[in-house]
Structure formats: structure tokens, C-alpha cells
Amino acid sequence: MSGDQGFHGTLIHSPSPEAITILEDTLIIVSDRGVITRCDANISRDTLDRHLAQYAPHIQSTAVKRLPTYSFLTPGFVDTHNHAPQYPQRGLGQGLHILDWLSQLTFPNEAKFASPTYAHRMYSRAIDTFLQQGTTTASYYGSLHGEATKILATLCHAKGQRALVGKCNMNRNSPAYYSDASATESLTVTEDFLSHVHALDPGGDLVRPILTPRFAISCTDDLLTGLGHLAEANPDLPIQTHFNEAQQEIDATLSLFPASNEADLYDHFRLLTPRTILAHCTIMDTEHEYDVLKGRGCGVAHCPIANTTIGGGFMAAPIRRFLDRGINVGLGTDSGGGFSSSILDAIRQAIVVSNAREAQSDGNEKSLSLDEVFYLATLGGAKVCGLGEKIGSFEVGKELDAMIVRPNLVLGEDSEGKEQVLRDDDGVMTPVEVGDDIRTVWEKWLVSGNDKNIAEVYVKGRRVKG
């Protein structure tokens, strides 16, 4: 991107979980560094050029994108839990319990990433797909291979996706062909990967490394201890792992360690911090574990599709209870464990799961509203990834990670009252009718649209789709 740019039209974002904010006739100005410098409301199309001349004379009128009627700008989606090497296996193994799914399907697939050529081909396609679907930020688990994970980080940086990228640490309870040889080797490869990312993006403007113990089952005590020391020595370094994902996983974990719950286990190894992303968290049986997560400031990656299709039953995570306690929650696709890499699908399944949770709790845990789930997909996810001050909403001083959404089909009437198609592109979104308010259009997209409705995608002001 060269020079400042602007967008004029309708903006929709979620500064808080309570309700979306709709800003119509709004001008947003973005610097050549991708930072939002102005957000001016109540500017009609007729007065836009005069406003630019008075308040932003350095910007040419042609540098302002005027959004069509019924189109709008929203923050980009944040995927807080994505297994990048599982991109080619999405949808496979539905119904398997988690440990069987890993041994029968996932470990053999991830082992293929020992080949740098294969890793480059698959990761390139995966990142392109996620950007097409509006995922501007992703927290990625790589494979255990240092070279392949460097390729993942390098491709994210080159393609312009904001990402946390981690080399997966796992030195036991996996097949010999797919296991770190020792804790020492795992830590050495991890430190080499950290150096690679720091050299690639010294300021962490787009890509940052993240410590990634797969889960306690796959890590020996000395490996977890070493990762805890790395986390302490690098106070800005985020951490991600799986937590209370399924009963089979919890039982196996507690059989390996002298702990009564996973919160105390990970806390013992100093891996629970305000920079920690805990994936799934579907089984939370004690107040103690909630208190530990809240006290340590950890974030939760809610993966409603994977939780209801892989692992062992319909696992409805207690998201309302996390939110009521002030624990940050974002959405994750768990690409591989889930059948879809689209955050739009995760939004819809999150609604379904929260309805189920309300029924299971006899109404004590109220289901999530569409506004709340949209917040989880944007600013909530940004907070989980430690980026809440940087992205996730349209505030002056934040960076522009955003997408332009447009309906596929707009229906109206001609002067004789007969149906007239005003716009008709291929797509599945519920038709927009002339007279629909913008909230109605937004709801139709969230619940029935797809990536064909995402016309353009921007990361840090740079257009990466469209």
C-alpha cells in the first residue's frame, strides 16, 4: 500500500460484547502504515468531497472507496485456534474419539510436512483459503518440523496475513515417525524457530512466534519445564495448548501427572499467563479451574464445530460462564478437527452449541446472541491473541484489518410493482430486499452468506483479497 486511503459508507463493529455498533455515512481514513487516523460519522455522499478538502486535503477523492448501498465494512475475522497442517484433512474422522482421531488420521497426515516442498504447497493454499474467507488473523499450530513451520511463518508474512505461528512440541505418546527425539531437541528447534520469526518480522508487526506444547499428554515433564522457562525468559511470547478438550483426553492427562486437574498442571509448569490461549475448554467441572484461568488472565479459544463432531460426543463448552467471569473468549475453527475453516460457520455453530448449553443447564446459562458471537469472532478473538489494542474494531489508532461485505442478490420493484433484480451474483446468501435496514442485511450475511459475499479483505491496510 502506498499513500493514505479511505473508505466511505457503512461500518459495523463490536466495541463490546453487548451489541454491534452500526455507523452509516462514515468516513474512515487509513495511513500508509495501515493505521486508522480518522473515523468521521454523518458525512453524506454529497458532502464527502468537501469534508475531504477540509479535514484530509492530502487524500485524493479517488483514494476513497465508496461502498455501495447494502454493502458494509467489518473487522476481519480472528481464528484463535487453527492447525495449519490439518488443512488437507478437514472433515475426515468425524465421530472418532480424540486420541483415536490423532493416532489414526492426524499424526500420519502431519508427518507429511517433513517435506518442505509439501509444506510449502499446502500452507500456501491454506493461507490463501483463509484470507478468502475473511480470516485476517490466525493462531496457528504448525507440525513438529522446524523447517516446515518456518515456511508457514514466511508465507503468512509474504501473503500479508496476521498470524501467531508455533512449532508443535511433542516428545512422547506419538508414533516414532512423528515425535521429537527428546525434550532437548524439541526446545532447540523451538528456539531456532523463534530466531527465524524475529528475523523475519523484528517488530512482530504481522507474524509472531507462539510456544505450542500440543498438550500435556504429548510432552514430558522436562519439556514442559523447558517451555515454561522460555515463556518466563520472553515475557512477550504467547503460549497455546489444548485444555480440557474431551473426557478421554482429561483422563489420559491426569494419569500421567500428579495433578487433580489440568489448570493446576499447566500452572505448575508456568504456562498459564495473560498470553496463554487455551483451546476448547469444554469440560469445566470445578470453580477452582475457572478461578485459575481468570486469575492468570488466560484466554479461551472456542471451537464449536470440532467440539461437536470430533472428540467423543456433543461437547458444548460453557461460554456464558466464561464471559460472566470476565474471561476473554474468541472463536476457532480447529481446521482439521472441524469440517470447515470458515469463521462464518463457527459463528453459526456457536449459536447452536449455546442453545444446547442453555437447555442442558435448565436455562441457567443463557444462549449467546448473534451480536455476542460476532464480538467473539472479531474483537474478542483479538483480545485472546493479545492484539485487542491493535485490531478488532474501528478505532482511531488501531490498524485496519477489515473486509467489505456485499449481498449477492438485491430484489426490488419497478414502477409497475413487478419484481426487479437490482443485483444478482452467484451465492447462497438470503436475498436482500429494497427497504431492508442494514442490521437485517448484516444478519442475513452472518447466518446464510459465505465467502462470495466478502468482496475485499485488508490486513494492516493492505488489500489481500479483491
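Residues numbered from 1 in each chain as written. Predicted model: local features only at pLDDT ≥ 70, side-chain atom pairs only at ≥ 80, totals over all residues. Heavy atoms only, no water.

1. Topic: the overall build of the chain
Point 1. A tally of regular secondary structure across the chain gives 14 helices and 21 strands.
Point 2. Computed over the C-alpha atoms, the radius of gyration of the chain is 22 Å, within 12% of the 23 Å expected from 2.2 N^0.38 for a compact globule of 466 residues.
Point 3. Here the chain, with 466 residues, has 59% of them falling under the buried criterion.
Point 4. Counting contacts in the chain only where the partners sit at least 6 residues apart, residues at least 24 apart contribute 71% of the total.
Point 5. Working note: accessible area of the chain is about 17400 Å², and carbon and sulfur atoms make up 48% of it.
Point 6. In the chain, 40 side chains carry a positive charge and 58 a negative one; their mean positions are 5 Å apart. (Helix = DSSP H or I, 4+ residues; strand = E, 2+ residues; numbered from the N terminus. Rg over C-alpha atoms; globule rule 2.2 N^0.38 Å. Buried < 20%, exposed > 50% of the residue type's maximum accessible area, 1.4 Å probe, protein only. Contact = heavy atoms within 4.5 Å. Areas by Shrake-Rupley, 256 points an atom, 1.4 Å probe, with all protein chains shown as cover. Lys, Arg positive; Asp, Glu negative; His and termini not counted. Charge placed at Lys NZ, Arg CZ, Asp CG, Glu CD.)

2. Comments concerning the sheet that holds strand β14 (residues 299-302)
In sheet architecture, strand pairing relies on hydrogen bonds along the backbone and comes in two forms, parallel and antiparallel.
Point 1. Judged by pairing direction, the sheet is parallel, and its four strands sit side by side in the order β12-β13-β14-β15 without closing on themselves. Since the sheet does not close on itself, it has two edges, and those belong to β12 (239-243) and β15 (329-331), each with one partner. For this sheet the average axis-to-axis angle between neighbouring strands, irrespective of direction, equals 30°.
Point 2. The strands that helix α13 (residues 370-384) touches are β13 (276-280), β14 and β15; relative to β15, the one it contacts most, it runs at about 115°. (Pairing = 2+ DSSP bridges. Axes fitted to C-alpha atoms, helices over the stretch in contact; angles between N-to-C directions.)

3. Digging into the environment of Glu 389
Point 1. Structurally, Glu 389 can be placed in the loop between α13 and β16 (402-405).
Point 2. Linking Glu 389 and Leu 379, residues 10 residues apart in sequence, is a C-alpha distance of 9.2 Å.

4. So, the nonpolar core
Point 1. Counting 120 residues, the largest nonpolar core has Tyr 140, Leu 293, Phe 322 and Trp 445 as the members making the most contacts within it.
Point 2. Among the elements that take part in this core, α13 stands out by supplying nine residues, more than any other.
Point 3. Looking at which domains feed residues into this core, each of domain 1 (5-75 + 395-465) and domain 2 (77-385) supplies at least three.
Point 4. Counting 12 residues, the second largest nonpolar core, distinct from the first, contains Leu 11, Ile 28, Ile 36 and Ile 404. (Core = buried A, V, L, I, M, F, W, Y, C linked by side-chain atoms within 4.5 Å. Domains from an automatic or database assignment.)

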